[in-house]
Protein chains: 2
Amino acid sequence: MENLDNKVLFAKKGIKNTKQRNMTYNILMQENLPVTAELIFLKLKEADEKISLSTVYRILEVFISKGLVIKRNLSEDNMAVFEINNMEHKHHLICYCCKKMQVIKGCPLGAYEKILQEQTDYDISGHRLEIYGYCPDCKEKK
Amino acid sequence: MENLDNKVLFAKKGIKNTKQRNMTYNILMQENLPVTAELIFLKLKEADEKISLSTVYRILEVFISKGLVIKRNLSEDNMAVFEINNMEHKHHLICYCCKKMQVIKGCPLGAYEKILQEQTDYDISGHRLEIYGYCPDCKEKK
DNA sequence: GTAACTGCAAACCTTTTGCAGCTTG
DNA sequence: CAAGCTGCAAAAGGTTTGCAGTTAC
């Protein structure tokens, strides 16, 4: 599962192209949703990759520092989750029941940020929004 | 710093009125912003209260289960923060630089949630929003 | 060849738990 | 007095770090 794109990308960012980094990046791309370090670790094990959990954390740290990955903490539990930084502004819709997460494209907050900036005299540069509810499947079960 | 209101409140919720709970509740009221368990612990120590950190966590747990307190995790670091649940829908504006937090009253998402509900067929019941930027003081320093 | 990366084990930090003793209603 | 709190110390997650050995460029 060697990936030429990754090789080029890593070179551009000035980091070495190792098997572990390559695979970690592929998994993040495949998932395309915030995942825990643990999950990445397990997927790598599954794929018969020799890797340790601390390496996963170190790789993610490097990816974050190079702007390739974003780290966040979801509100419920206190585990960090990681996802590819594809520079796309987006939010997530999360099911209270099954914890499924789906991407919401578009953002309703552009105008609001401007208003808030005037009201508060802050220099507003970002926000974080998660929407919660029950997905169609879980909604029925209730 | 005995507080009669707390006594009545605790009685109504069916929990015992101890010095530690009383003081913890007072601190949360005074702060009126999300704080860590550690900070509550330190404030109690400062006030010469004999308390252990695990008791703080246990008290917060009880308060949460009775609906008196809300727990959340902020995006940056992985420590939980706790605040009084005054049933008011609100969000926070957080300074990237000095980490100061201020309450934003009002919410721009009411209409958006309805639209999203139709689009996604989810049963939407809540959201979580934090706005980030630089406060007037830190803005100048830059 | 050397600077950078990895695995392993141990440390760290926040949060939880078990238990014996103490307090509240 | 009994039920339920608390303090202490130890355990339990998730994450980070030190170090010796390995790998990529």
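These numbers were taken from a predicted model, which means no experiment stands behind them.

**A word on the overall build of chain A**
Working step 1: Across its full length, chain A holds 6 helices and 5 strands.
Working step 2: When the elements of chain A are put in sequence order from the N terminus, they spell out α-α-α-α-β-β-β-β-α-β-α.
Working step 3: Dimensions along the principal axes, computed over C-alpha positions, put chain A at roughly 50 × 45 × 25 Å.
Working step 4: The buried share of chain A, reckoned over its 142 residues, is 43%.
Working step 5: Once local pairs closer than 6 in sequence are excluded, the contacts in chain A between residues at least 24 apart make up 47%.
Working step 6: Within chain A, the 19 negative side-chain charges are centred at a point lying 5 Å from the centre of the 22 positive side-chain charges.

**Quick look at the UniProt feature "binding site: Fe cation" (unreviewed entry) in chain A**
All names here are of chain A.
Working step 1: Under the UniProt annotation, the feature "binding site: Fe cation" (unreviewed entry) is placed at His89 and His127. Taking the farthest pair of C-alpha atoms as the criterion, the annotated set spanning 39 residues converges on one region, since that pair is 10.1 Å apart. In the annotated group above, the largest pocket draws its lining from His89 and His127.
Working step 2: Tracing the backbone through its elements, the reader meets His89 in the loop between strand 2 (80-84) and strand 3 (90-95).
Working step 3: When sequence neighbours within four positions are dropped, the list of residues in contact with His89 reads Cys107 and His127.
Working step 4: For His127, a relative accessible area of 15% corresponds to the buried category.

**Remarks on the packing of helix 1 (residues 4-13) of chain B against helix 2 (residues 19-31) of chain B**
The description of two helices packed together rests on the angle between their axes and the distance between the axes.
All names here are of chain B.
Working step 1: With their axes 10 Å apart at the nearest point, helix 1 and helix 2 run at an angle of 110 degrees to one another. By the angle between their axes, helix 1 is roughly perpendicular relative to helix 2. Where helix 1 crosses over helix 2, the two elements pack in a sense that is right-handed. Along the contact surface, helix 1 presents Asn6, Leu9 and Phe10, while helix 2 presents Arg21, Asn22, Tyr25 and Asn26.

**Quick look at the packing of aromatic side chains**
All names here are of chain B.
Working step 1: Summed over all chains, the structure comprises 10 aromatic pairs over all chains.
Working step 2: Between Tyr96 and Tyr134, the ring centres sit 5.6 Å apart and the planes meet at 50 degrees, which makes this aromatic pair tilted. Here Tyr134 lies in strand 5 (residues 123-134) and Tyr96 lies in the loop between strand 3 (90-95) and strand 4 (101-105), a separation of 38 residues in the sequence.
Working step 3: Judged by its relative accessible area of 37%, Tyr96 is partly exposed.

About the thresholds
Residues numbered from 1 in each chain as written. Chains lettered and ligands numbered in written order. Predicted model: local features only at pLDDT ≥ 70, side-chain atom pairs only at ≥ 80, totals over all residues. Heavy atoms only, no water. Helix = DSSP H or I, 4+ residues; strand = E, 2+ residues; numbered from the N terminus. Buried < 20%, exposed > 50% of the residue type's maximum accessible area, 1.4 Å probe, protein only. Contact = heavy atoms within 4.5 Å. Lys, Arg positive; Asp, Glu negative; His and termini not counted. Charge placed at Lys NZ, Arg CZ, Asp CG, Glu CD. UniProt positions renumbered as here; feature names shortened; annotations may be inferred. 1 Å grid on protein atoms, 1.4 Å probe; cavity = no way out; pocket = protein on both sides within 12 Å on 5 of 7 lines; lining within 4 Å. Axes fitted to C-alpha atoms, helices over the stretch in contact; angles between N-to-C directions. Parallel < 35°, antiparallel > 145°, perpendicular 65-115°, else oblique. Left-handed = near helix turned anticlockwise from the far one by under 90°. Phe/Tyr/Trp six-rings, centres within 6.5 Å; stacked < 30°, edge-to-face > 60°.

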